[in-house]
Amino acid sequence: MSASLVRAAGWFAVAVVFAVGGFVLPEFYVTLLNYIGLYSLVALGLVLLTGASGITSFGQAAFVGIGAYTTAVLSTHAGLSPWLGLAAGLGITLIVSVILGLLTLRLSGHYLPLGTICWSVSLYYIFGNIQAFGGQTGMMGIPPIELFGLTFDTGRRMYFLIWIFTLAALLVSDNVLHSRAGRAMRALKNNAQTAENFGVNGGAMRLWVFVYAALLAGLSGWLYAHLLRFVNPSPFGIAMSIEYLFMAVVGGAGHVWGAVLGSAVITILREFLQDAMPGILGRTGNFEIIFFGALIILLLQINRDRGFGALFDLYKRRPPSPSDHGLPAVARRSGDQPLLSVRGVSRRFGGLVAVDNVSFDVARGRIVALIGPNGAGKSTLFNLVTGLLALDAGEVWSNGSRIDRLRPHQIVGRGLARSYQHVVLVQSASVLENVMFGAYHRTRRGPLAAGLGIGGEEEHLTVTEAERQIRRVGLEKWMNEPAGNLALGQQRLVEIARALCAGPELLLLDEPAAGLRHAEKAELATLLRELRASGTSVLLVEHDMRFVMGVADEIVVLNFGCKLAHGSPTEIRRDPRVLEAYLGGSVK
Amino acid sequence: MLLTQDGLVNGAIYALLALALILVFTVTRIIFVPQGEFVTYGALTLALLQQGIVPATVLLLLAAGVMAAALELWSGLRSPHRRRSVTLAMLYTGYPALLSYSLYYHIGAPANVAAQVLVTLAIIVPLGPILYRVVFQPMANASVLVLLIAAVALHLVLMGGGLLAFGPEGGRTSPLIQANFDVGVMTVTGQSLATLAASMLLIAVLFLAFRHTLRGKALRATAVNSVGARLVGVSPETAGAICFTLAALVGAVSGILISSITTIYFDTGLLIALKGFIGAIMGALGSYPLGALGALVVGQIEAFSSFWWSAFKEAILFASILPILLWLSITHPATGDEE
Amino acid sequence: MRRLFRTLGIVTAFLGLAAAPLAAQAQIKIGIVISMTGPAATLGLPQKNAIALMPKTMGGKTVEYITLDDASDPTNARRLVERLVTEDKVDLLMGPTISPSALAVIEVAGRSKTPIITFAAARSIILPMDDIRRWTYKTTINDDVFAAATVEHMKGKGAKSVGVIGFNDAYGESWASAFDAAAKAAGLNIVAAEKYNKNDTSVTAQVLKVVAARPDAVLVIGAGTPGVLPQATLRQRGYTGPIYQTTGVTTNDFLRVGGKDVEGAIIATGPLIVAHQLPDSNPAKKAAVEFADAYNKQYGEGSISAFPGFAWDGMLLAQAAIPMALQKAQPGTPQFRQALNDALENGKNVVTTSGLVSMSPESHVGFTPESLIFIQVKDNRWTYLPK
């Protein structure tokens, strides 16, 4: 409780500082802050897009344009209230961004920026060639915003309006980033496949962020139109879109205040360069452009897309406090159907047959090990089962229903959770946060609710659940460490805790014991046996034969994509074909 | 017919650029927005040479070269390949220095057209690998997104540099080939034929070189799998440098070809490059023949939409990417395997 | 909230009072915003050159020029002008170069009661006259006067139909609509109206459409070197009729880039570009020759164009008005700005490079229709066409 109180106090203090600033600052600072506020809104959307979700848009200025032009046309030509203009502008932005998002977001990441570049060039010429919009020359005489009889007709008055909206947007975005949805975005950026495996519908989530960013841009456009009371196409072109992106990058695409920092740095720097550069170099030219471009390249080389945002790492938002009980247990489906039934599954890569007509079952409460030499197709099989790869032939069933046609994010709902051969954790996020992400599909809170601060109880339950799983794998000491600081073996345990957090009936573990010390392996074995006792099955790929022979109830041996043998550890140990495959019995 | 011809000439240029873009993207994962700047640099450098002025792009090359050398030494002196970096650094600074020295103090701007073209290429083409060394090599392992942002930033730097070197006004060059041919009712200018022929030739040469030379095979290997390519002895750095050399060559040649047909400005590059991109996207950023074909289509759309509805030409052209994206999103859904 | 705003007003006023003694130096401040970069750099850079030649004293007071670049973007222009009036507290504003920027800033000028002399062309900068436009002036003639003169000239050559190829930007748009109206009024038939972009690599399609309509004359609307391409393509496609250009192309670069392709172009423009060829009776001749010589001397022979003239004329208007204003108030005060505005508005027969300018409360245009002339490109030079 106290954590959120501190936070509320912090935001209140910031709001007070801005309010006081609005009264005492000289006119010119108010003007500058107005633009910084407008730019921050747009850059904020890009922080969520680029920094959190790993996609980007070069079309944000066009959304600003939609917001500005809609209100300009409605309030000037039709004489409607600017507030109606806001509603209409956001409505149009919503529709356009949904259409564009649907078109490009299913493609791999680089089509979105290209698509947005093209559409914003297109829109620029449309704005400029419609006479009702004032053409290239622009429209003037846009009426000021009025509210409760108060007219926002000066820069100083607009300052209050702009910063009320900007601070609200910052608060909402910060809430989103520190919620279930925020964890999903970071997971998506880190590795889309992993995110899908834990139930994130990547396309839908990206679409949400894209639309949210577009709406913030539209809002900025509305404020812009009523601040300048003039619009023409030039501030909505591709050059401005690029500048918005630069603001997000300079500020550090990962923290909401980065948007404000970036907008402020670029705005003030430009003001400064305008005065200083001709003095230094004795002639005018596009020095700002060269300077900004070089600055961006340098920042990217040093710090990738985190910009100056590294500064904000000093401030870490504390995780929500745990509640007295965890998430409600996932309802176990009864029945005697096997939890996993692989039936005649094949997969080819070009001419190479990676998995060839493999069949086996994993029954309830069993630990099944999948072994075989490198390249035998074990990890491919995992990917086929969890929906990351499509089957060429065969079927996969779970608990009596077919799952090989499902999208990856739907499979976790059938009780399957996994870990990875190459550890996939958000390295900069804490162990706790990584494990909390595992509970994604067991929780419901959408980004909108999170943004508005509704339904926060779920977060507390999730923390409790995650802490329980972290204790289970024995990492409670490192709970708040960034995951990247842990040893590789420990990171594998974090992956197991994350998978457990999804409440699975079947746990798929890809080389969980690699990198663990002897004692840790023993603890892991104990954990797996506990899970078995509680009715959870485990399918594991492992090279450590001693470990496998110690825990597994059954062993499936793959060789060159084919199933070589299937049986109890004792049977496998005696199987001559297996011994041959392992070059003369290193199994001993 | 005339429209088709006009569209074909522009389309051929876009096709060249589309090829360069696909090449750079497949090998280095960079969406190379500044490709258009090579075109404007090529065109305007030639235009200045024809006016008898030694273009300031030489100095730009020198400045970039010095930066590349500094970076090379900085990273190289701490690595085992010390000798190699020193050689490279000397190349990075020595060549531009020699070139600018001889241009400014000895040769001046050559009077002969062929020599002018050669000098232009000698200035612009080395910019490719040098820029790769300075900007992209230090972050070769970054995500596509970060590389794209860097590419856009580089585009701005080059555009600003272009304004410095060439000023705000445009440049045109006299046609390399003066002859006009009358075919039926229409006049075909020699230059547009030459443009077509030269682009075809360059496309063919690139294609053959890719298929049949060792270097070409190495590049293709890098495009498929950079780790694998490194194992068989092709360093991604070398591959990147070669790519950028080719990209700069293609850009400069396009610029030289187009500069007598139209006026080029310091900020023309982006739009030309974007049109090349639309072509490349039609080829899903991977297929060379489809990309080239797409670029030709772009040229046609441009010609016909300027005829029928010139005010909305760009709007139509750039909106035409939407159906393409729709088609791509149905046929090539993301597998999510980018990093 | 209302009370908050009032408190705020008091605080601001207080700060203003505190700052006033600092600002009240015996120096005149002129804030200038022009487009030195961006697409309009072609127009703005010559203006920057003209500003460098402006006198350092006026009416016995030193003049400080604060010149800023809006990068051809109205948002920047607006921010810079806000800065000039609030931070630098300038007495007079000049610029911006382009109409969108001008339209974005005049409100700031009007509200802060600072006179502004713009170099941009749009009519709506000065019309309709209201409390804001009380403070705005412009040194360019309204496009419709040029357009009407061009139409008359075409008809004088016997043209009955005309084709138009225009810039797809603010300049092309406002010219095209003015020309449209003038042609309709005079019964000249516009048979084709096409648009092109500065960075287009080809205008063949547009030209084909125009040529197919068989117009008696063609008007190309472009600024600077981009005006070359349509004319070159027209000639290449076998069009032989007269080709008209607009004032925007009257730069040396146009001749350089255009070469023999732009031979014969006819342009309605101000007198500056052919200052020496003007008949002595032209009232603009003396001022135009002086400025053209000074400019050419500094920036190279033949570098004069219409654009620096707009800025120079603004300075000439200010130079005439400032001594009058100084009699009433000291620079740096609202009273001075008011007096300066009155002096500008009532200026009569001020000598400028475009003739004798007289203002009135109804008309704030610093350009007289009588001084409009026609020039033609002959032997790659601008040549005066006597009426």
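Structure's up top.
In this report, the structure presented in the accompanying data block is examined.

Conventions we followed
- Residues numbered from 1 in each chain as written.
- Chains lettered and ligands numbered in written order.
- Predicted model: local features only at pLDDT ≥ 70, side-chain atom pairs only at ≥ 80, totals over all residues.
- Heavy atoms only, no water.
- Helix = DSSP H or I, 4+ residues; strand = E, 2+ residues; numbered from the N terminus.
- Rg over C-alpha atoms; globule rule 2.2 N^0.38 Å.
- Buried < 20%, exposed > 50% of the residue type's maximum accessible area, 1.4 Å probe, protein only.
- Contact = heavy atoms within 4.5 Å.
- Lys, Arg positive; Asp, Glu negative; His and termini not counted.
- Charge placed at Lys NZ, Arg CZ, Asp CG, Glu CD.
- Pairing = 2+ DSSP bridges.
- Buried area = accessible area lost by both parts, 1.4 Å probe.
- Salt bridge = Lys/Arg side-chain N within 4 Å of Asp/Glu carboxyl O.
- Nonpolar A, V, L, I, M, F, W, Y, C, P; charged D, E, K, R; others polar.
- Polar contact = N/O pair within 3.5 Å; in protein donor to acceptor, adjacent residues only side chain to side chain.
- Axes fitted to C-alpha atoms, helices over the stretch in contact; angles between N-to-C directions.
- Parallel < 35°, antiparallel > 145°, perpendicular 65-115°, else oblique.
- Patch = residues over 30% accessible without salt bridge, like charges linked within 9 Å, V, L, I, M, F, W, Y side chains within 5 Å.
- Areas by Shrake-Rupley, 256 points an atom, 1.4 Å probe, with all protein chains shown as cover.
- Expected span 1.5 Å × (residues − 1).
- Phe/Tyr/Trp six-rings, centres within 6.5 Å; stacked < 30°, edge-to-face > 60°.

### Looking at the overall build of chain C
Looking only at helices and strands, chain C has 12 helices and 15 strands in total. The globule rule puts the C-alpha radius of gyration for 387 residues at 21 Å, and the 22 Å found for chain C is close to it. With the principal axes as the frame, chain C shows a C-alpha extent of 70 × 50 × 35 Å. Here chain C, with 387 residues, has 64% of them falling under the buried criterion. A fraction of 67% describes how many contacts in chain C between residues 6 or more apart in sequence connect residues 24 or more apart. If you average the places of the 38 positive and of the 33 negative side-chain charges in chain C, the two averages end up 2 Å apart.

### Focus: the sheet that holds strand 9 (residues 401-402) of chain A
Residues and elements named next belong to chain A. With respect to topology, four strands assemble into an open sheet ordered 6-5-8-9, the strand pairing being antiparallel. The sheet is open, and its two borders are formed by strand 6 (352-362) and strand 9, each paired with just one other strand. Pairing between strand 8 (residues 393-398) and strand 9: two bridges, direction antiparallel. By the bridge assignment for strand 9, W397 is matched with R402.

### Here we look at the interface of chain C and chain A
Counting from both sides, the interface comprises 42 residues of chain C and, opposite them, 40 residues of chain A. The contact between chain C and chain A buries some 3,600 Å² in all, and 57% of this surface belongs to carbon and sulfur atoms. Joining chain C to chain A, the criterion identifies one salt bridge. For C:E107, the salt bridge is made with A:R229, and the minimal N-O distance between the two is 3.4 Å. Residue assignment for the side of chain C that touches chain A shows that the elements contributing at least two residues are helix 1 (2-23), helix 2 (41-52), strand 3 (61-69), helix 3 (74-86), helix 4 (99-111) and helix 6 (170-186) of chain C. With nine residues, helix 3 of chain C is the single largest residue contributor to the side of chain C that touches chain A. Its residues assigned to classes, the side of chain C that touches chain A shows 17 nonpolar, 10 polar and 15 charged.

### A short note on the side chain of A:S398
All names here are of chain A. Take S398: it is sitting in strand 8. A distance of 2.8 Å separates the side chain of S398 from the backbone oxygen of L339, its partner in a polar contact. With residues up to four places along the chain from it excluded, the contact list for S398 reads P338, L339, I403, R414 and L416.

### A few points about the packing of helix 2 of chain C against helix 10 (residues 285-299) of chain C
All names here are of chain C. Two elements in contact, helix 2 and helix 10, have axes separated by 11 Å at closest approach and are oriented at 105°. One element, helix 2, and the other, helix 10, form an angle in the roughly perpendicular class. For the pair formed by helix 2 and helix 10, the contact residues are P46, N49, A50 and A52 on the first element and F291, Y295 and Y299 on the second. Taken together, the residues that form the contact of helix 2 with helix 10 break down as six nonpolar, one polar and no charged.

### Focus: the environment of A:F230
Position of A:F230 among the secondary structure elements: in strand 4 (residues 230-231). Take A:F230: its relative accessible area is 1%, and that puts it in the buried class.

### Things to note about a nonpolar patch on the surface
Residues and elements named next belong to chain A. A cluster of nonpolar side chains, F12, V16, V20 and V24, forms an exposed patch at the surface whose accessible area comes to about 350 Å². Relative to the elements of secondary structure, V16 occurs in helix 1 (residues 2-24). Residue class for V16 comes out partly exposed when judged on its relative accessible area of 36%.

### Notes on the interface of chain B and chain A
Contact residues are listed per partner, giving 51 residues for chain B and 45 residues for chain A. Both sides together, the interface formed by chain B and chain A hides about 4,200 Å², and carbon and sulfur atoms give 78% of it. Ranking the residues of chain B by area buried against chain A places B:L145, B:I149 and B:L164 at the top, with a combined share of 14%. In this structure, the connection of chain B to chain A is made through zero salt bridges. With 16 residues, the top contributor of residues to the side of chain B that touches chain A is helix 7 (residues 144-166) of chain B.

### Brief notes about the pairing of strand 7 (residues 367-371) of chain A
All names here are of chain A. Strand 7 sits mainly inside the fold: five of its five residues count as buried. The two faces of strand 7 match: I367, A369 and I371 on one face and V368 and L370 on the other face are all buried. Pairing analysis gives four bridges linking strand 7 to strand 12 (residues 537-541), with the strands arranged parallel. The residue bridging V368 from the neighbouring strand is L539, located in strand 12. Sheet topology note: the strand 7/strand 13 (residues 554-559) ladder contains four bridges and is parallel. In the sheet register, I371 faces strand 13, and the bridge partner there is V557.

### Notes on helix 5 (residues 143-156) of chain C
Owing to its 3.6 residues per turn, the α-helix brings residues three or four apart onto one side. Residue and element names in this part refer to chain C. Compared with an ideal rise of 1.5 Å per residue, which puts 14 residues at 20 Å, helix 5 spans 20 Å between its outermost C-alpha atoms and is within 8% of the ideal. When helix 5 is considered as a whole, its buried residues turn out to be D143, F146, A147, A149, T150, V151 and M154. Where helix 5 is buried, its residues touch strand 7 (161-167), helix 6, strand 9 (217-221), strand 10 (243-245), strand 11 (266-269) and strand 14 (373-378). Looking at the residues trailing helix 5, positive phi occurs at G158, about 85°.

### What about unusual backbone geometry?
In most cases, non-glycine residues show a negative phi, while peptide bonds are predominantly trans. Residues and elements named next belong to chain C. Going from G95 to P96, the amide bond is cis rather than trans, its omega being -10°. Along the chain, the position of P96 falls in the loop between strand 4 (92-94) and helix 4. Not every positive phi belongs to a glycine, and K113 is a case in point at roughly 55°. Accessibility expressed as a relative area gives 45% for K113, which makes it partly exposed.

### What about the packing of aromatic side chains?
Summed over all chains, the structure comprises 31 aromatic pairs over all chains. Between A:W208 and A:Y212 the ring centres are 5.1 Å apart and the planes differ by 10°, which places this aromatic pair in the stacked class. Here A:W208 and its partner A:Y212 are both found in helix 9 (residues 202-228), four residues apart, which amounts to about one turn of the helix. Aromatic ring contacts, followed pair by pair, group B:F32, B:F38, B:Y132, B:F136 and B:F244 into a single cluster.

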